[in-house]
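# Residue-level structure breakdown
Residue-level listing of the chains:
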Amino acid sequence: MSSDSLEQRTLSAGIVGDALKQVTRNVPRGEPPAWPTNAELQVVGKDVKRMDALDKVTGRARYTFDVQLPGMLYARTLNSTVPHARIKSIDTSQAEKSPGVRAVHVLERLLQAAELRDPGEEANEPYPVIRFAGQPIAAVAATSARAAEAALDLIRVEYEPIDHVTELEDAMQATSPPVFPGPTEHHATAGGGGAAKGLPQKGNLRGPSKGGSRGDLERGFKEADVVVEGEYRTQVQTHTPLEPHGVVADWRDDELTIYASTQHVLSVRDEAADIFQLPKEKIRAISDYTGGGFGAKYGIGNYGTLAIHLSRKARAPVRLVLDRREEHVSVGNRPSSLQRLKIGAKRDGSLTAIELRSFGTGGVAAGAGVGSCHHSMYSCPNVSIEHYDVFTNAGPCAAFRGPGQTQGIFAFEQAIDAVAARLGMDPIALRDKIDTRDADDVRARAAERRIGAEKIGWSRRRASGSDTGPIKRGIGMAQSMWPYIVNSYTTCEIRIQGDGTVEAFCGTQDIGTGTRTVFAQVVAEELGLRAEDVRVHVGDSRFPPGPPSGGSRVTSSLTPAARNAAHAAARDIASRVAPLLNANADDLIFRNGRIERRDDSKTSLGFAEALRRAGIETLVHRGDRRDDYEGYARKAGELNISPHAIGGVQFAEVCVDTQTGAVKVERVVAVHDCGRPINPKLVESQIFGGVIQGVSYALYEDRRLDGPTGVQLNANIDQYKIVGSRETPQIEVHLIELLGGQSSTDARGVAEPANVATAAAIANAFFNATGKRIYTLPMTPANVLAALRAE
Amino acid sequence: MSVAPHHPPGREAPGTFGPEPQPLSLLVNGEVHTALADPATTLVEFLRDALGLTGTKIGCDRGACSACTVWIDGEVAASCMTLALDVRERSITTIEGLSREGELHPVQRAFIEHDALQCGFCTPGMVMSCAQLVDSNPDCTLEDVKTAISGHLCRCGTYPNIFKATLAAAEMTRAAGKKK
């Protein structure tokens, strides 16, 4: 939409209740007038109840997991039992004859993994080379899941094993078995993923990527009064959505319908269209409800590809839902990291040099970076970054809530805390000194530090390691930063019927964040209705294009398009109703279910009555997400990235038992910004989720592979420990309302900012409690006792 | 959470079953439903695949996440760890049967009020455990709520709101009891 003509407008910007000021922006013509602050709105900014809550508490919500179609077959996948091998032969003949079996398919190409730059010696392989235990090979569709499972046992696979490596630091060695026989590329697809092209690769080490480097590192360290150094390690974390990945694929004649548990229906359609060489209009992807995603549910995937092949062969709908083991092993994880971080600072706290050498393994996938925080959060003239992806014979990584940044901030915010300790400065005062770019997130964090310090009781924070007994308590804080992203395309459609019915459509989806609800609120606000008067339709690729539920970008992308569509509809209605109220269209306002004259609220008509009396039968209006009024710092594919980011500051209070190594997070204060909060209650829920996942990452979760076999040892829910009710700390959320003067709603996301700072805040509290740094996640008793013993 | 015993003490065990699929009748949400099943059919498979009651979810299929929680004779149980044939002559309540005469259970109302759900996949199981707690102990404390859902996994992190919702439902139930 960059061709839009612009007009200058004066808008309010800043933190509501703190420092609102007037700014001048170049606004695309036709944008609705800016909204006032939330306090002056009727529906937006209010704790409207989640629109789909009733369906969810009664079991009526239909997930992909619940789709049952007439004649539907059940499919199961055959997965590799070995971590690295060539497949010499596959014999499916017995499986095909097994009772109830309707189709068998062998996978031709593995998605979601890096690929050889030059297919070379693998060009003649009859099947994809096995590079991790659990890699999908084939699938069977049968009249029952049990029949499909039985048939899997009849498929004969002849492997020719190759040496394998599962641990990051082993794979880094020159003597390590190579996961790939040559250099690789990992292309981004509609299914996500991807890494920078053309990087050097030696053995399993692909890199370095040096993005964010600047200045003269050597000079920076020379100018430093103090230098802190540390080597930080983070583990592999699996997404573990409660609803596993799955599809029901229904190929009839030449049309394909895919019910998918996904974070983006359009990515399912597009990747399937690409693989099956179908026009996009022949494919319909549907997701009424998705039972969690957290970054791993994009595209059609290997399992979805198999299901489509099976449906085409069997001429019947095919349900392929992963079991819990497959979910842990083969469809994504947060890569591990090894971060060597060195920071130089002057006595006054100003940073002079940041050096990062990082390594991460995303198994057979590239893209195991550690985020942008090291070079983008704080002012520092000299930054040197070198990151390497390290391949291992393990399942592929995928985006995971705050991808990269969560690992990066764990190390970086601890290092900043260490600088403060070395300088004898208060960690908050140090941030005041260095967190100084001219951007919204910086201004937000300044306010959030003040609020958080007061709520947690920062003034009662003692010197590190003050407790003399075995149980030690401490308080720490860490800062969050996540890009403010706008999707490059988003269109909403509003349909209004003469009976007063209002429907809103967008090809985005609600994966549990509350998208339906904020969509309805924005439309309702513009039309003077209640949110529940607006029937929202999402989760269908046939609707106007909408954003992926990832990158904290749905609310920022969707709500301005929704408002623009509803605003156009309201203006259209006003022009038709104006004569009935002896007014000009511009003098009519929509409020409390009525259309009334601005100067005389008694001269009014009910919404439906007004439509009827104006003779309106059907109105359809569309609205687009126009570009941010200040434009973007950069564009990467479908991501428009603002020069402003999203902030957030978290404080944690922990208790460490130095005899057992048990760590308990007792309390978290999370202070956040997300532009204009459309629904504070739903924002709070998102932040609870981000903090709880952060506690879980910091303390418990750890994917463990068995070295000799490459098999995951804890690919289940009983041994892969995740925070439950008993480990949930007391969490207090405080939200600021920040107007940026950037769009017609000024809303931004919060899912990722809520997650990225938690582990670092806990680690800094651990230091305050014990006087020791915890360099290794998770903070299990073994890692904690090792940290306490360290010099 | 405990797995339902094969049959309650003092009652006669039901007759033999299988190995071929044969009609199986279960009392579900106050009505007898009959469908073909073989002996390996779990209760959750019977509910979902034979009866189309898909409100009850499967998260792990090994009794570790409690998404499949139903009531058997009023007690919570993991329906993925219960064989369908073992609950003949028992009374099964699922999420679909929790509302009575179109009125939501106080826990369901409180879950909506307090936003005690996000993606919602764990929600039916959570609701069944919290409703059983509130029904059996309207004086429940925060610790009781934590215990009641300690076997449930919610990956979205709705626990704080589940605590609030369940305590609020308990309070509603106590207030309603006093009125009577």
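Just so you know, the residues in each chain are numbered from 1, in the order the chain's sequence is written. Each chain gets a letter, beginning with A, and each ligand a number, beginning with 1, in the order they are written. In view of the model being predicted, local features appear only for residues whose pLDDT reaches at least 70, and side-chain atom pairs are presented and counted only at 80 or more, with totals across whole chains, interfaces and linings using the full set of residues.

Turning our eyes to something else, we now look at the domain arrangement of chain B. Residues and elements named next belong to chain B. Partitioning chain B into domains gives domain 1 (22–97) and domain 2 (106–179). For domain 1 versus domain 2, the distance between C-alpha centres works out to 22 Å. Contact definition: two residues whose C-beta atoms, as placed from backbone geometry, lie within 7 Å. Tallying the contact residues gives 13 residues for domain 1 and eleven residues for domain 2. A run of DSSP states H or I qualifies as a helix once it reaches four residues; a run of E qualifies as a strand once it reaches two. Both are numbered from the N-terminal end. If one sorts the elements of the side of domain 1 that touches domain 2 by residue count, strand 3 (residues 69–72) sits on top with three residues. The residue inventory of the side of domain 1 that touches domain 2, partitioned by class, reads seven nonpolar, five polar and one charged. Just so you know, the domain bounds were taken from an automatic or database domain assignment. Amino acids outside the nonpolar list (Ala, Val, Leu, Ile, Met, Phe, Trp, Tyr, Cys, Pro) and the charged list (Asp, Glu, Lys, Arg) are all regarded as polar, and Gly is one of them.

Counting residues at the interface gives 43 residues for chain A and 39 residues for chain B. Every element with two or more residues in the side of chain A that touches chain B is listed here: helix 1 (53–57) and helix 16 (680–699) of chain A. Among the elements that make up the side of chain A that touches chain B, the one with the highest residue count is helix 16 of chain A (seven residues). The class makeup of the residues in the side of chain A that touches chain B is 16 nonpolar, 15 polar and twelve charged.

This part is about helix 16 of chain A. The span you would expect from a helix comes to 1.5 Å times its residue count less one. Under the 1.5 Å per step criterion, the end-to-end length of helix 16 of chain A is 28 Å for 20 residues, consistent within 8% with the ideal 28 Å. Counting other C-beta atoms within 10 Å of a residue's own tells you its class, since 20 or more makes it buried, 12 or fewer makes it exposed, and anything in between is partly exposed; those C-beta atoms are placed from the backbone. With 18 of 20 residues buried, helix 16 of chain A lies mostly within the body of the structure.

This part is about the domain arrangement of chain A. Frequently, the measure chosen for interface size is the accessible area that the parts lose on association. Residues and elements named next belong to chain A. Domain annotation of chain A identifies domain 1 (64–162 + 240–330), domain 2 (437–484 + 637–786) and domain 3 (490–624). Put simply, the middle of domain 1 and the middle of domain 2, counted by C-alpha atoms, are 36 Å apart. Taken together, the eight residues of domain 1 in the interface contact nine residues of domain 2. The class makeup of the residues in the side of domain 1 that touches domain 2 is four nonpolar, two polar and two charged.

Right, let's talk about the environment of Thr660(A) for a bit. Residues and elements named next belong to chain A. Here threonine 660 is to be found in the loop between strand 33 (649–657) and strand 34 (663–673). Of the residues examined, threonine 660 has 12 C-beta atoms within 10 Å and is grouped as exposed. On a C-alpha basis, the gap between threonine 660 and valine 695 in space is 19 Å, while along the polypeptide they are 35 residues apart.

Residues and elements named next belong to chain A. We treat two strands as partners when DSSP finds at least two bridges between them. Across the sheet, three strands lie side by side as 23-32-31; this open sheet has antiparallel pairing. Two strands close off the open sheet at either side, each with one partner strand: strand 23 (482–487) and strand 31 (634–636). Strand-to-strand, the axes of this sheet are offset by a mean angle of 40 degrees, without reference to chain direction. Of the pairings in the sheet, the one linking strand 23 to strand 32 (residues 639–646) comprises five bridges and is antiparallel in character. Paired with proline 483 across the strands is alanine 645, a residue of strand 32. Lines fitted to C-alpha atoms define the axes, with helix axes restricted to the stretch in contact, and inter-axis angles between N-to-C directions lie between 0 and 180 degrees.

A few words now on the sheet that holds strand 17 (residues 318–321) of chain A. Residue and element names in this part refer to chain A. In space, the seven strands of this open sheet follow the order 5-7-3-17-14-15-16, with mixed pairing throughout. Only two strands of the sheet have a single neighbouring strand rather than two, namely strand 5 (101–106) and strand 16 (283–286). Each adjacent strand pair in this sheet contributes to an overall mean axis angle of 20 degrees, direction not counted. Of the pairings in the sheet, the one linking strand 3 (residues 73–79) to strand 17 comprises two bridges and is parallel in character. Residue pairing across strands places tyrosine 74 opposite arginine 319, the latter belonging to strand 17. Set on the sheet, helix 3 (residues 145–152) makes contact with strand 3, strand 5 and strand 7 (136–142); between it and strand 3 the angle comes to about 30 degrees. Contacting strand 3, strand 5, strand 7, strand 14 (246–252), strand 15 (255–260) and strand 17, helix 7 (residues 301–314) crosses the sheet at an angle of about 30 degrees to strand 14.

All right, on to the confidence of the model for chain B then. All names here are of chain B. Residue-level confidence of the predictor is summarised by pLDDT, bounded by 0 at the bottom and 100 at the top. For chain B, mean pLDDT is 93; residues scoring 70 or higher make up 92% of the total. For the stretch residues 1–5, pLDDT sits under 50, and the model shows 15 contacts to residues farther than four places along the chain or on other chains. Overall fold confidence for the complex sits at a pTM of 0.97, while the interface term, ipTM, reaches 0.97.

Note that the residue after Leu777(A), namely Pro778(A), is joined by a cis bond; omega there is -5 degrees. Positionally, Pro778(A) belongs in the loop between helix 18 (758–770) and helix 19 (781–789). With an omega dihedral of 5 degrees, the bond running from Gly18(B) to Pro19(B) counts as a cis peptide bond. Structurally, the position occupied by Pro19(B) is in the segment before strand 1 (22–28). Positive phi is not limited to glycine here, since Ser66(B) has a value of about 65 degrees. By the secondary structure assignment, Ser66(B) is in the loop between helix 1 (43–50) and strand 3. Ser66(B) gets classed as buried once you count the C-beta atoms within 10 Å, which come to 28. At Glu89(B), a position not held by glycine, the phi torsion is positive, near 65 degrees. One can find Glu89(B) in the loop between strand 4 (75–78) and strand 5 (91–93).

Residue and element names in this part refer to chain A. Residues Ala75 and Val523 are the most contacted members of the largest nonpolar core, which totals 279 residues. Sort the elements by how many residues they give to this core and helix 14 (residues 554–577) lands first, with eleven residues. Sequence-distant contacts of valine 523, that is, excluding residues within four places in its chain, are made with Ile494, Val502, Ala504, Val534, Ala562 and Ala566. Take the buried Ala, Val, Leu, Ile, Met, Phe, Trp, Tyr and Cys residues, join any whose C-beta atoms are within 7 Å, and the set you get is a nonpolar core.

Turning our eyes to something else, we now look at helix 6 (residues 265–276) of chain A. Residues and elements named next belong to chain A. The terminal C-alpha atoms of helix 6, which comprises twelve residues, lie 17 Å apart, in line with the 16 Å expected from a rise of 1.5 Å per residue. Judged by how many residues are buried, helix 6 sits mostly within the fold: nine of twelve residues are covered. Taken as a whole, helix 6 has its buried residues at Val265, Leu266, Ser267, Val268, Arg269, Asp270, Glu271, Ala272 and Ile275. Contacts made by the buried residues of helix 6 are with strand 15, strand 16 and helix 7. Where helix 6 terminates, the next one or two residues include glutamine 277, which has phi positive at roughly 50 degrees.

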